[in-house]
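Each chain, written out:
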Amino acid sequence: ARIEAIALPATVRWHPRAASTARAMLASTYPQTRVYRSARQMWRDHPPPDVGTLGIHPPVDRTRGYRKAAAATYATGLLLTLAISAMPLLVVAHGSDWLLLLVLFVMAWQAALVWLIAQLAKAQVPRRPPTEGRRR
């Protein structure tokens, strides 16, 4: 086997000294190996081979949609909270409906985030493969 490409982990990429050390080590040990900044770029240039014909069925990543939804929900809630907090105090104080609306919004926002994180946690647990015949 030979290593054609490698993507540095984010923890290494965020530290310039560690990244340059890793790149130097890889260049001296594996000169033909291309080092990528992200796994997404590496997968685009080097897609994984289909191993289904070998009887190997890797799990499908079910978390991508939940991760995007959680990030969008968090950012939306944060932006709306900042927008409401930037409103003049007199505008918010004159309407008692604002406080109730704000409390309901925060509760719904937090409930949505908790649900999404629970779905992400549930997706991390590996599924048991179906058994062909149950033994007793």
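Residues numbered from 1 in each chain as written. Predicted model: local features only at pLDDT ≥ 70, side-chain atom pairs only at ≥ 80, totals over all residues. Heavy atoms only, no water.

**Student:** Outline a positive patch on the surface, supporting the account with residue identities and numerical values.
**Tutor:** On the surface, Arg-40, Arg-44, Arg-64 and Lys-68 cluster together into a positively charged patch. Those elements giving two or more residues to the positive patch turn out to be α3 (39–45) and α4 (64–85). As for its placement among the helices and strands, Arg-64 is situated in helix α4. For Arg-64, a relative accessible area of 45% corresponds to the partly exposed category. (Patch = residues over 30% accessible without salt bridge, like charges linked within 9 Å, V, L, I, M, F, W, Y side chains within 5 Å. Areas by Shrake-Rupley, 256 points an atom, 1.4 Å probe, with all protein chains shown as cover. Salt bridge = Lys/Arg side-chain N within 4 Å of Asp/Glu carboxyl O. Lys, Arg positive; Asp, Glu negative; His and termini not counted. Charge placed at Lys NZ, Arg CZ, Asp CG, Glu CD. Helix = DSSP H or I, 4+ residues; strand = E, 2+ residues; numbered from the N terminus. Buried < 20%, exposed > 50% of the residue type's maximum accessible area, 1.4 Å probe, protein only.)

**Student:** Could you give me a rundown of the environment of Arg-13, with the residues and numbers involved?
**Tutor:** With respect to the element layout, Arg-13 can be found in helix α1 (residues 10–13). Residue Arg-13 is classed as partly exposed on the basis of its relative accessible area, which comes to 33%. The spatial distance from the C-alpha of Arg-13 to the C-alpha of Ser-38 is 8.9 Å, given a sequence separation of 25 residues. Here the side chain of Arg-13 touches Arg-37 through a polar contact of 2.7 Å, landing on its backbone oxygen. (Polar contact = N/O pair within 3.5 Å; in protein donor to acceptor, adjacent residues only side chain to side chain.)

Treat this as a map of the structure, not an account of what it does.
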